[in-house]
2 protein chains.
Amino acid sequence: MEKINKEIIAERFQKIQQHICEALEKEDGIGKFKTDLWERLQGGGGATKVLANGKIIAKGGVAFSAVHGPTPEKILKKLSLEEADFFATGVSIVIHPINPMVPIIHMNIRYFEMSNGTYWFGGGIDLTPHFVDVEDASYFHKQLKAHCDAYDDSYYEKFKQWADDYFYIPHRKETRGIGGIFFDRLSANEKMPFPKLISFVEGLGYLFPKIYCHFMANNHKLPYGDQELKWQALRRGRYVEFNLVWDAGTKFGLDTNGRTESILMSMPPEANWVYNQTPEEGSEALKTLELLKKGINWIKD
Amino acid sequence: MEKINKEIIAERFQKIQQHICEALEKEDGIGKFKTDLWERLQGGGGATKVLANGKIIAKGGVAFSAVHGPTPEKILKKLSLEEADFFATGVSIVIHPINPMVPIIHMNIRYFEMSNGTYWFGGGIDLTPHFVDVEDASYFHKQLKAHCDAYDDSYYEKFKQWADDYFYIPHRKETRGIGGIFFDRLSANEKMPFPKLISFVEGLGYLFPKIYCHFMANNHKLPYGDQELKWQALRRGRYVEFNLVWDAGTKFGLDTNGRTESILMSMPPEANWVYNQTPEEGSEALKTLELLKKGINWIKD
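Residues numbered from 1 in each chain as written. Chains lettered and ligands numbered in written order. Predicted model: local features only at pLDDT ≥ 70, side-chain atom pairs only at ≥ 80, totals over all residues. Heavy atoms only, no water.

In this section: the overall build of chain A. Each helix and strand counted, chain A has 9 helices and 10 strands in total. The C-alpha radius of gyration computed for chain A amounts to 19 Å, which stays within 12% of the reference 19 Å derived for 301 residues, consistent with globular compactness. When the backbone C-alpha atoms are referred to their principal axes, chain A occupies close to 60 × 40 × 40 Å. Considering chain A as a whole, with its 301 residues, one finds that 58% of them fall into the buried category. Long-range contacts, defined here as pairs at least 24 residues apart, represent 70% of the contacts in chain A between residues at least 6 apart. Accessible surface for chain A amounts to roughly 13400 Å². Of this, 51% is attributable to carbon and sulfur atoms. Charge separation in chain A, taken as the distance between the mean sites of 37 positive and 40 negative side-chain charges, equals 1 Å. (Helix = DSSP H or I, 4+ residues; strand = E, 2+ residues; numbered from the N terminus. Rg over C-alpha atoms; globule rule 2.2 N^0.38 Å. Buried < 20%, exposed > 50% of the residue type's maximum accessible area, 1.4 Å probe, protein only. Contact = heavy atoms within 4.5 Å. Areas by Shrake-Rupley, 256 points an atom, 1.4 Å probe, with all protein chains shown as cover. Lys, Arg positive; Asp, Glu negative; His and termini not counted. Charge placed at Lys NZ, Arg CZ, Asp CG, Glu CD.)

Written out as structure tokens, the structure is:
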């Protein structure tokens, strides 16, 4: 039996959380994660780690949880599952930087298992630059493609399109950022045995700090002024709109009595709204808006 | 036939918008509403009036719209209606003040009619103080009760409870503010003939500036400092959470391809999120949290 025990998966996920926090703290140089332990009444709990007011990171959360119990009615219905107990563990990250030239980033890896044997992995990572830099976008997507290609050469294209469709704000007719990859309900099969599958998911977790520390190191010294800060505050408003209106995980969490503070650790420290704000012709902001589209091939060979 | 033609109702609503804007401008003393006219592809349009950076008002929107056409599939389904053309007109207001001692306010009056003869009025008004002042709350509810009582002495109690249930943030287990009144699907009957019903709805529109100018005049000179501003920014975050996650109108508008900027004119100019923020023992902020409950009788006789 190749499948790994759920408690071991949770332990490994928690190690990924630890690794990510250490790497981000080192790169930030000043900020420290504070740990908030919580328990779930119906079974399980988690550790939400939040860093506020760092040198580079304004507000970042790296959350781990492992919860279990009878599967809530709403989950059964939504996922068309038969009644059984469930176990779910995951690591979820959102980082809001101080400097508008550093992108916002999100990552999530998760494992879901039921007492009847059903199980799957899911996850995703996407980048939301306040100002889109095509080279940064290319670096980001190349890293993801290389990781995907090491496991299955159909993954990147498939998961990139899934991300384009998922991280989309219909009421703004714009993508949240430059996308990334998104996948769900991945179970092992002959081509992708369990150890390889979990390695793909864990590998994404370990890839995260490499990618984000690259942007922290390279972009946090880029100059910016009031104009860039104002634009950042508006883009953060869009981030709020996506997460509260469209993000399936957030909506579902809030709807099913999840732990509000952990779910909403993704909120920016501050967000602004200005009525009918449109960037000037020729501005960097307008160039960014024009790049918030689905289906862009960011990898220039 | 006592029923008033839909175009006349729309005209009257637009006059209410005009009246409210004039009264608010006068009380503010500096801010001016800018009008943004828009058209709806499928029929109708509106005028969104927004005031930014006034003396008392940080950001306020007073929107009028009158739209018509085939009833969208989603509306038919949601409201269990048979296929027919629809006409809808309304005035909708959200005001975010500069001084945290002045409350946020919202009001909405609306009329919906179908080509098959179905029609109804809906509306609501609620107050969201950053710091709850019991006397202010009492004044607010007394004004609403007096207005309701002039039409039907069962209205206030019924509509106040409806507001408590509607303006509620389940994931925070708190009300948005101190409530107000909310009503929907009101049609004329023997006890409440059409002219009386529309007078009740219009009267609420005309009551609005009286109520809010009272708070603008009395509260905008109250002292505040950094601590109050920080709390205001967090409360505005809660306002965002309610509107984007739970408000039926907002959700529905964004979901059915409504005009995003008009729908989201309710967003505050700025909102903050701090992880797991809890006010200090004995603070005014904590006292406010303790008053964000359903079912409080604010009217002390």
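Looking now at the packing of helix H6 (residues 226-246) of chain A against helix H6 (residues 226-246) of chain B. Running from amino to carboxyl end, H6(A) crosses H6(B) at an angle of 50 degrees, the nearest separation of the two axes being 8 Å. The pairing of H6(A) with H6(B) is recorded here as oblique in orientation. Seen along the crossing, H6(A) lies across H6(B) with a hand that is right-handed. Each of Val240(A), Glu241(A), Leu244(A) and Val245(A) in H6(A) lies in contact with H6(B), whose residues at this interface are Val240(B), Glu241(B), Leu244(B) and Val245(B). Classifying every residue of the contact of H6(A) with H6(B) gives 6 nonpolar, no polar and 2 charged. (Axes fitted to C-alpha atoms, helices over the stretch in contact; angles between N-to-C directions. Parallel < 35°, antiparallel > 145°, perpendicular 65-115°, else oblique. Left-handed = near helix turned anticlockwise from the far one by under 90°. Nonpolar A, V, L, I, M, F, W, Y, C, P; charged D, E, K, R; others polar.)

All right, on to the sheet that holds strand S3 (residues 57-70) of chain B then. Residues and elements named next belong to chain B. Here we have 7 strands laid out as an open sheet, ordered S1-S2-S3-S4-S5-S6-S9, and antiparallel in their pairing. For this open sheet the edge positions go to strand S1 (34-39) and strand S9 (180-186), each flanked by a neighbour on one side alone. Direction aside, the axes of adjacent strands within the sheet are offset by 10 degrees on average. Here strand S2 (residues 44-52) pairs with S3 via 9 bridges, running antiparallel. The residue bridging Ala 52 from the neighbouring strand is Lys 59, located in S3. Together, strand S5 (104-114), strand S6 (119-128) and S9 form the strand contacts of helix H3 (residues 134-149), whose direction differs from that of S9 by roughly 30 degrees. (Pairing = 2+ DSSP bridges.)

Further remarks concern the packing of aromatic side chains. By the definition in use, this model includes 42 aromatic pairs over all chains. For the pair Tyr166(A) and Phe182(A), a centre-to-centre distance of 4.2 Å together with 15 degrees between the ring planes defines the contact as stacked. Remark: Phe182(A) occurs in strand S9 (residues 180-186) and Tyr166(A) occurs in helix H4 (residues 155-166); sequence separation between them is 16 residues. Centre to centre, the rings of Phe159(B) and Phe200(B) are 6.2 Å apart; their planes meet at 45 degrees, and the pair counts as tilted. Of this pair, Phe159(B) sits in helix H4 (residues 155-166) while Phe200(B) sits in helix H5 (residues 194-219), placing them 41 residues apart in sequence. Neither Phe159(B) nor Phe200(B) differs from the other in exposure class; each is buried. (Phe/Tyr/Trp six-rings, centres within 6.5 Å; stacked < 30°, edge-to-face > 60°.)

What follows covers the relation of the copies chain B and chain A. Of the transformation placing chain B onto chain A, the axial shift is 0.0 Å and the rotation is 180 degrees, giving an RMSD of 0.0 Å. A rotation of that kind, with that shift, is consistent with a two-fold axis. Looking at chain B, 100% of its interface residues are interface residues in chain A too, so the copies touch through the same face. (Least-squares fit on C-alpha atoms with pLDDT ≥ 70 in both.)

Where charged atoms from two side chains of opposite charge approach closely, those side chains can pair. Residues and elements named next belong to chain A. This model, assessed by the stated rule, comprises 32 salt bridges over all chains. Between Lys 6 and Glu 7 there is a salt bridge; the shortest N-O distance is 3.7 Å. Lys 6 sits in the partly exposed class, given a relative accessible area of 25%. Note that Asp 164 is salt-bridged to Lys 160, the shortest N-O span being 3.3 Å. With Asp 164 and Lys 160 both in helix H4 and 4 residues apart, this pair spans about one turn of that helix. Both residues of the pair, Asp 164 and Lys 160, count as buried. (Salt bridge = Lys/Arg side-chain N within 4 Å of Asp/Glu carboxyl O.)

With that out of the way, let us pick up the interface of chain B and chain A. With 31 residues of chain B in contact, the opposing surface of chain A contributes 31 residues. Buried area between chain B and chain A, summed over both chains or domains, comes out near 2700 Å², and the portion from carbon and sulfur atoms is 55%. Three residues, Glu261(B), Trp273(B) and Tyr275(B), lead the burial of chain B against chain A; their summed loss comes to 29% of the area buried on that side. Across the chain B-chain A interface, the total number found is 2 salt bridges. Between Arg172(B) and Glu261(A) there is a salt bridge; the shortest N-O distance is 2.7 Å. Top element by residues in the side of chain B that touches chain A is H6(B). It accounts for 5 residues. As defined by bridge partners, strand S10 (residues 270-272) of chain A adjoins strand S10 (residues 270-272) of chain B across 3 bridges and the pair is classed as antiparallel. Bridge pairing in S10(B) links Ala271(A) to Ala271(B). (Buried area = accessible area lost by both parts, 1.4 Å probe.)

Further remarks concern a nonpolar patch on the surface. Together, Ile98(B), Tyr224(B) and Leu229(B) make up an exposed nonpolar region whose accessible area comes to about 220 Å². Mapping Tyr224(B) onto the fold places it in the loop between H5 and H6. (Patch = residues over 30% accessible without salt bridge, like charges linked within 9 Å, V, L, I, M, F, W, Y side chains within 5 Å.)

With that settled, consider the environment of Arg40(B). Residues and elements named next belong to chain B. Mapped onto the secondary structure, Arg 40 falls in the loop between S1 and S2. As a C-alpha pair, Arg 40 and Gly 69 span 29 residues in sequence and 9.7 Å in three-dimensional space. In this view, Arg 40 contacts Gly 45, Val 67, His 68, Pro 72 and Phe 86; residues no more than four positions away in its chain are not counted.

As a further point, take the sheet that holds strand S2 (residues 44-52) of chain A. Residue and element names in this part refer to chain A. What the 7 strands build is an open sheet, ordered S1-S2-S3-S4-S5-S6-S9; its pairing is antiparallel. Looking at the sheet topology across the chains shown, the edges are occupied by strand S1 (34-39) and S9. Looking at each pair of strands side by side, their axes are set apart by 10 degrees on average, direction ignored. Judged from the 5 bridges that link them, strand S6 (residues 119-128) and S9 form a sheet pairing that is antiparallel. Bridge assignment links Asp 126 to a residue of S9, and that residue is Gly 180.

Moving on to a positive patch on the surface. The grouping of Lys78(A), Lys251(A), Lys78(B) and Lys251(B) at the surface amounts to a positive patch. Secondary-structure assignment places Lys78(B) in helix H2 (residues 73-78).

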